[in-house]
Amino acid sequence: MIVAFSISPSGGDESGSVSAAVAEAVRVVRASGLPNETNAMFTNIEGEWDEVMAVVKQAVEAVAAVSPRVSLVLKADIRPGYTGQLTAKVERIEQALRD
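Residues numbered from 1 in each chain as written. Predicted model: local features only at pLDDT ≥ 70, side-chain atom pairs only at ≥ 80, totals over all residues. Heavy atoms only, no water.

The name an unreviewed UniProt entry assigns to the chain is Thiamine-binding protein domain-containing protein, from the organism Mycolicibacterium setense. Quoted verbatim from the Sequence similarities (unreviewed entry) heading of the UniProt record, the comment on the chain is "Belongs to the UPF0045 family." (UniProt positions renumbered as here; feature names shortened; annotations may be inferred.)

Participant: Give me the lowdown on the pairing of strand β1 (residues 2-9), citing residues and values where you can.
Facilitator: With respect to burial, β1 is a largely interior element, six of its eight residues being buried. Relative to strand β3 (residues 43-46), β1 runs antiparallel, the two sharing four bridges. Note on β3: the bridge partner recorded for Phe5 is Thr43. Here eight bridges tie β1 to strand β4 (residues 70-77), and the two strands are oriented antiparallel to one another. Paired with Val3 across the strands is Ala76, a residue of β4. (Buried < 20%, exposed > 50% of the residue type's maximum accessible area, 1.4 Å probe, protein only. Helix = DSSP H or I, 4+ residues; strand = E, 2+ residues; numbered from the N terminus. Pairing = 2+ DSSP bridges.)

What follows is the structure in structure tokens.
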């Protein structure tokens, strides 16, 4: 499965930035060892249901450590029997664009 998720604290620092808190969540994801990528809006992670959801929970807990309220947006592509789709899906689109 691939999960795209976004975690944010309820408030930012004095400038309104949430990047320090979000960086803590991304550290958790990267330390998990699961395939992942982070872009401007979401972090994507690929793995089995239980391992992916455990990482999402740990990432929420990392943000909750610095904020009393946390927002989580999550979208999942659940396709049993498929791995490597984090990159394969993009490669198929790129190939279609070249055709």
